[in-house]
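# Residue-level structural notes
The primary structure of each chain is shown beneath.
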Amino acid sequence: DALLPAPQSISILSTNMKHFLTWSPVIIQGATVRYSVEFQGEYEREYANGSWIPIPECSLTTATLCNITQDISASVAYKLRVRAELGASRSPWATTEGFFNRATTSLTPPTLRVLADGHHLLVELADMGPSFQFRVLYWRKGQESRVQQKVLEEVSSVVHLDTMEAGAEYCVKAQAHVEAINRSSSFSPTQCVRAQGDTSMWLV
Amino acid sequence: TCRVSMSMAEIRAGFTAIKANIQSRDPIRTLSILSHPHSLHKVKSSDRCCITHQLFTFYVDKVFKHCRTEDSFVNRKISSIANSFLSVRRKLGQCREQNNCVCGEESTEKFKQILANYEGLNVTSAAMKSLGELDILLDWMEKSR
């Protein structure tokens with residue numbers, strides 16, 4: 001029977017330390033083609049006779065996408081390959097050109113929400129995953145030379161940044177940092193909030 | 001000293017996920033590769049950089065390749081640890097060159113003892129035992145940071 005063609009347009013999409021292998025489908029009229037994915041780290045290439053390791057979650061899958069995040073877990077050069085399978089026949093392997101190192105992942109600025117709770121300046125950051133820390137900068141508007149910083153190792157709920165002076169406006173921005181690859185995202189847009197005015201009661 | 005940024009948490013998480021499986025494959029409980037006759041904790045701080053590099057080389061060159069199992073999950077975690085060790089060893093090597101980390105007599109003797117312990121067993125048992133003792137190395141590295 002005719003040789004099953006190998007998948008084409010194989011590529012890796014990597015954002016915020018989440019890595020996916022994608023490829024174009026192999027079209028065989030009236031048939032359901034499946035795919036299997038394997039990975040090879042620098043260790044396998046240099047010390048284990050160039051061996052490949054299958055990814056069970058992406059074995060005999062009909063999807064044309066595979067989440068390889070769990071296996072790309074070191075800052076070394078990896079190769080990925082995928083082949084098509086139909087019944088007993090298998091296509092040649094399609095292997096990524098060049099190598100992939102997670103250090104090249106694209107990092108997006110964190111999503112944050114700045115709140116004024118009375119006199120308290122609070123910030124809430126969206127979770128970006130276990131590899132991420134956050135560097136939060138905050139300052140009183142007009143006092144840009146006196147920027148303060150807080151480094152958050154992990155995202156809990158709301159974080160208290162400062163106690164604000166009544167009626168004053170405070171601004172906040174943040175960037176994500178990944179220690180494992182020693183890189184940071186650009187800063188998020190700045191957000192400013194105004195502290196509650198002074199409402200002390202005057203006794204007459 | 002060598003301050004090498006490394007994702008200890010990732011290595012630790014990978015090892016913890018397979019520790020019970022690996023240690024169950026090690027029938028010889030009375031022997032230790034890393035701690036016999038003396039613990040790593042006895043190594044002088046000046047020797048730490050050198051012996052850490054030697055130990056990472058030991059695991060990369062000798063241990064991981066003999067730890068292939070029939071379990072795909074275990075094999076993936078071993079690959080993750082092995083590739084992380086490779087990345088860290090490269091940094092340690094650069095650090096040793098820059099800081100001219102000298103291997104003192106004590107660390108040289110200690111490493112010779114580890115190799116002797118390793119070669120005293122058949123290769124698969126020795127490799128599995130060494131992998132099962134990875135937390136001894138990780139604990140020592142974290143304590144001596």
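Rules used throughout
Residues numbered from 1 in each chain as written. Chains lettered and ligands numbered in written order. Predicted model: local features only at pLDDT ≥ 70, side-chain atom pairs only at ≥ 80, totals over all residues. Heavy atoms only, no water. Pairing = 2+ DSSP bridges. Helix = DSSP H or I, 4+ residues; strand = E, 2+ residues; numbered from the N terminus. pLDDT = per-residue confidence, 0-100. Axes fitted to C-alpha atoms, helices over the stretch in contact; angles between N-to-C directions. Contact = heavy atoms within 4.5 Å. Salt bridge = Lys/Arg side-chain N within 4 Å of Asp/Glu carboxyl O. Polar contact = N/O pair within 3.5 Å; in protein donor to acceptor, adjacent residues only side chain to side chain.

### Section: the pairing of strand S9 (residues 112-117) of chain A
Residues and elements named next belong to chain A. Sheet topology places S9 next to strand S10 (residues 120-125); six bridges connect them, and they run antiparallel. Considered in S10, the bridge of Leu 112 is made with Leu 125. Where S9 folds back on S10, the antiparallel hairpin that results is connected by two residues, among which Gly 118 adopts a positive phi of roughly 65°.

### Overview of the confidence of the model for chain B
Residue and element names in this part refer to chain B. In the predicted model, chain B carries a mean pLDDT of 88, and the fraction of residues at 70 or more is 95%. The lowest-confidence element of chain B is helix H3 (residues 72-99), averaging 89 in pLDDT; the highest-confidence one is helix H5 (residues 123-132), averaging 95. The ipTM for the predicted assembly is 0.89, set against a pTM of 0.88.

### Overview of the sheet that holds strand S13 (residues 159-163) of chain A
Residue and element names in this part refer to chain A. Taking strand neighbours across the sheet as the criterion, the three strands line up as S9-S10-S13 in an open arrangement whose pairing is antiparallel. With one partner strand each, in any of the chains shown, S9 and S13 form the two edges of the open sheet. For this sheet, the mean angle separating the axes of adjacent strands, direction not counted, is 25°. By the bridge criterion, four bridges tie S10 to S13 in an arrangement that is antiparallel.

### What to know about the interface of chain A and chain B
Every contact between the two is made by 23 residues of chain A and, on the other side, 22 residues of chain B. Scanning the region where chain A abuts chain B turns up four salt bridges. A salt bridge links B:Arg76 to A:Asp71; its shortest N-O distance comes to 2.7 Å. At the boundary of chain A and chain B, one finds 13 residue pairs in polar contact (both at pLDDT 80 or more). Where the side of chain A that touches chain B is concerned, the elements lending two or more residues are helix H1 (42-47) and strand S4 (53-54) of chain A.

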